[in-house]
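# Coordinate inspection notes
The chain contents come next:
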Amino acid sequence: MRISEAARASGASARSLRHYEDEGLIVPGRFGNGFRDYCQSTIDRVLVIRSLLESGLPVRLIRELLPDLTDGAGGADEATCAAFLHEVEQHRDRLTARIAVLSRQQEALDAYLREARSTDR
């Protein structure tokens, strides 16, 4: 299927599909005229990519494990899964730390606004 059909089928924009290709996450076939040709397995792979990206994982991590998740050969081996899970945990921990910083900043802004509003009266 062409890129517009693939975009509809996957819920990803044509631009996103091109980006995934540029990042090496997908490799669509090509028609004789050079247009991209997306098969169902590529669409399925895009759905996995979108899910992982929506979870907040960086493209680097997705690129590392994606072949093991989508190759249909039974999945990743235990060592690959353990390393991936460790990386995911580290990413989650970095997000947790950022959330804590942002929460403190939000609390400080709330306090400032309360104080500013109370002195305006």
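Described below are features of the structure shown in this document. This one's a predicted model, so the numbers in the text were calculated from it and none came from an experiment. (Residues numbered from 1 in each chain as written. Predicted model: local features only at pLDDT ≥ 70, side-chain atom pairs only at ≥ 80, totals over all residues. Heavy atoms only, no water.)

## Details of the packing of helix 1 (residues 3-10) against helix 2 (residues 14-22)
As a packed pair, helix 1 and helix 2 sit with axes 9 Å apart at the nearest point and diverge in direction by 100°. It follows from the interaxial angle that helix 1 and helix 2 lie roughly perpendicular. Across from Ile3, Ala6, Ala7 and Ser10 in helix 1, the residues of helix 2 making contact are Ala14, Leu17 and Arg18. Of the residues contributing to the contact of helix 1 with helix 2, the split by class is five nonpolar, one polar and one charged. (Axes fitted to C-alpha atoms, helices over the stretch in contact; angles between N-to-C directions. Helix = DSSP H or I, 4+ residues; strand = E, 2+ residues; numbered from the N terminus. Parallel < 35°, antiparallel > 145°, perpendicular 65-115°, else oblique. Contact = heavy atoms within 4.5 Å. Nonpolar A, V, L, I, M, F, W, Y, C, P; charged D, E, K, R; others polar.)

## Some remarks on the environment of asparagine 33
By the secondary structure assignment, asparagine 33 is in the loop between strand 1 (29-30) and strand 2 (36-37). Side-chain polar atoms of asparagine 33 contact the backbone nitrogen of phenylalanine 35, separated by 3.0 Å. (Polar contact = N/O pair within 3.5 Å; in protein donor to acceptor, adjacent residues only side chain to side chain.)

## A closer look at the pattern of salt bridges
Scanning the model with the defined rule gives seven salt bridges in all. With a closest N to O distance of 2.6 Å, arginine 63 and glutamate 23 form a salt bridge. One end of the pair, arginine 63, is in helix 4 (residues 59-70); the other, glutamate 23, is in the loop between helix 2 and strand 1, with 40 residues separating them in the sequence. A relative accessible area of 35% means that arginine 63 is categorised as partly exposed. Judged by relative accessible area, which is 27%, glutamate 23 ranks as partly exposed. Through salt bridges with shared partners, a single ionic network connects Glu21, Arg30 and Arg36. (Salt bridge = Lys/Arg side-chain N within 4 Å of Asp/Glu carboxyl O. Buried < 20%, exposed > 50% of the residue type's maximum accessible area, 1.4 Å probe, protein only.)

## Some thoughts on the nonpolar core
Generally speaking, soluble globular proteins have nonpolar side chains that are buried together. One finds Leu17, Tyr20, Ile26, Tyr38, Ile49 and Ile62 to be the most contacted residues of the largest nonpolar core, which totals 19 residues. Going through the elements one at a time, helix 1, helix 2, helix 3 (40-54) and helix 4 are the ones with two or more residues in this core. Residues within four places of isoleucine 26 in sequence aside, it is in contact with Leu17, Tyr20, Glu21, Tyr38, Thr42, Arg45, Val46 and Ile49. (Core = buried A, V, L, I, M, F, W, Y, C linked by side-chain atoms within 4.5 Å.)

## Quick notes on the packing of helix 1 against helix 3
One can describe the packing of helix 1 onto helix 3 by two numbers: an axis separation of 10 Å at closest approach and a directional angle of 50°. Comparing their axes, helix 3 and helix 1 come out oblique. The hand of the helix 1/helix 3 crossing is right-handed. Taken together, the residues of helix 3 that come into contact with helix 1 (itself represented by Ala6, Ala9 and Ser10) are Ile43, Val46, Leu47 and Arg50. For the contact of helix 1 with helix 3, the residue count by class is five nonpolar, one polar and one charged. (Left-handed = near helix turned anticlockwise from the far one by under 90°.)

## Structural notes on helix 3
When the terminal C-alpha atoms of helix 3 are compared, their 21 Å separation across 15 residues agrees well with the 21 Å that a helix rising 1.5 Å per residue should span. Along helix 3, the positions that sit buried rather than exposed are Thr42, Ile43, Val46, Ile49 and Leu52. A positive backbone phi angle near 95° is found at glycine 56, which sits one or two residues after helix 3. (Expected span 1.5 Å × (residues − 1).)

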